[in-house]
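# Structural characterization, general
These are the residues of each chain, in order.
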Amino acid sequence: MFQSFFPKPKLFFSSFAIWTLLAILIWYLAGAQMGAALGFQPMPEDAEPIINLSFFITTDYLWFYLYAAAWAAVFGLFWEYYAKDHPWRHWAIWGSYFIIFTTYFDVQVSVLLNNWRRPFGDLLQNALTGKPGITEWDFYSLMITFWSIAFLNVAVFVVVRFFVSHYVFRWRSAMNNYYMSKWQKVRHIEGASQRVQEDTMRFATTFEGLGVSLIDAVMNLVAFLPILFVLSKYVTDLPIIGQIPHSLFWLALVWSVFGTGLLALVGIKLPGLEFRNQRVEAAYRKELVYGEDHADRAQPLTVAELFSNVRKNYFRLYFHYTYFNLARSFYNQADALFLIFMLVPTIVAVKITYGIYQQIATAFGQVSNSFQYLVNVWPTIVELLSIYKRLRTFEAAIDNEALPEIDQKYLEREQQFGEIEANKH
């Protein structure tokens, strides 16, 4: 699945993680000083947030992208040389970096929109309370600014999705080419054709959604955590808890970890059941296909046994999904009011304006959703794990490893059928 597209996957991903963490560490320890030495003076901490497209040409923004591009170039050129014989290295290295950088840029657009929400929210509040001096143009000018940001957001989204679709299809092509080169070793595995055609397609498509959403979650944390730290100065008292420093950050962290742990615990059995579900469905379908060409296949007793396995597994899935969906629904309903509940003392004490509340709600939502990544995508992860197990079984045959028990039983049944056919002749 991975070695067909990425050069030496374990080394590639581990070195990428170490290289990225090193870049982040140096950035936070000495990034500002290095930028100032190169002429990129940081903006003053007390400067008003920028709410228009000039946000993207500030010295802070330009220096960050120059710094990140330099680290990416060194890593990419090293792997270009080290894995020069790998046919998909260009897509694996530079395609991955393009997705990461454009996703981060899209997150920065969201940060800019969050900056815009405070002046617009305060203007709306002042207008509704009858404050003098507010004109129609005040609203129109802010709306024009919003439209310029929104158009940029749409353009980036379309470009990213277009590129990611091509990126994922290249990955599927790499898997297809690799498996077909080993076809003689795996063609006797149950559902071999389905695994090459359908499972590679489903794996690539599912990984596309999960991968992009994971990158987006990480980038949102990088972008919105500092904002949440700054906004925490407005929230000094929490119900029951009282005063804690950086309260909004800790609320987002604790609440999200609780939700993730809860759903991971109640959904722990689902990946195995989904995997077995695909296996029993494939075994049932394969027997029916054989029955189309051979009169002694798909006999009533055999079909009844195979369909009984299908029914039994589905009923187990229904049971386990019942309490999983119950826990997930209760958590989502509680999540809808969690932030407002925690802000009640701040709101009653009139410590924030409507514009600041809008900023807090957006930043908290972005950070909370990023921390809740597993909560939001757990059903998709379950599906991906089941596909992964099927393809991993496929690769076990390629590497001459022991097959799972269900595959061994299938091969034994096929061997028995082959012996019967041979005795007939």
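Residues numbered from 1 in each chain as written. Predicted model: local features only at pLDDT ≥ 70, side-chain atom pairs only at ≥ 80, totals over all residues. Heavy atoms only, no water.

Labelled according to an unreviewed UniProt entry, the protein chain appears under the name Peptide antibiotic transporter SbmA, originating from Rhizobium daejeonense.

This next bit is on the overall build of the protein chain. Tallying secondary structure elements over the protein chain gives twelve helices and zero strands in all. Reading the protein chain from its N end, one meets helices and strands in the order α-α-α-α-α-α-α-α-α-α-α-α. Buried positions account for 42% of the 425 residues belonging to the protein chain. Pairs at least 24 apart in sequence give 80% of the contacts found in the protein chain among residues at least 6 apart. (Helix = DSSP H or I, 4+ residues; strand = E, 2+ residues; numbered from the N terminus. Buried < 20%, exposed > 50% of the residue type's maximum accessible area, 1.4 Å probe, protein only. Contact = heavy atoms within 4.5 Å.)

Once that is clear, we can look at a nonpolar patch on the surface. A surface patch of nonpolar side chains, about 770 Å² in accessible area, is lined by Trp-137, Tyr-140, Met-143, Ile-144, Phe-146, Trp-147 and Phe-151. The topology assignment puts Trp-137 in helix α4 (residues 136-181). (Patch = residues over 30% accessible without salt bridge, like charges linked within 9 Å, V, L, I, M, F, W, Y side chains within 5 Å. Areas by Shrake-Rupley, 256 points an atom, 1.4 Å probe, with all protein chains shown as cover. Salt bridge = Lys/Arg side-chain N within 4 Å of Asp/Glu carboxyl O.)

Let us look at the UniProt feature "transmembrane region" (unreviewed entry) in the protein chain. Within this numbering scheme, the UniProt entry marks residues 61-79, 91-113, 139-164, 210-235, 247-268 and 336-357 as carrying the feature "transmembrane region" (unreviewed entry). Within residues 61-79, the helical portion is 100% and the strand portion 0%, while the C-alpha atoms at the span's ends are 27 Å from each other. With 100% helix and 0% strand, residues 91-113 has end C-alpha atoms that lie 32 Å from one another. (UniProt positions renumbered as here; feature names shortened; annotations may be inferred.)

To characterise two packed helices, one gives the angle between the axes of the helices and the distance between these axes. Two elements in contact, helix α7 (residues 247-266) and helix α9 (residues 300-348), have axes separated by 10 Å at closest approach and are oriented at 170 degrees. When the axes of α7 and α9 are compared, the pair comes out roughly antiparallel. In contact with Leu-248, Leu-251, Trp-255, Ser-256, Phe-258, Gly-259, Leu-262, Leu-263 and Val-266 of α7, α9 contributes Tyr-323, Phe-324, Ala-327, Arg-328, Tyr-331, Ala-334, Asp-335, Phe-338, Leu-339, Met-342 and Leu-343. (Axes fitted to C-alpha atoms, helices over the stretch in contact; angles between N-to-C directions. Parallel < 35°, antiparallel > 145°, perpendicular 65-115°, else oblique.)

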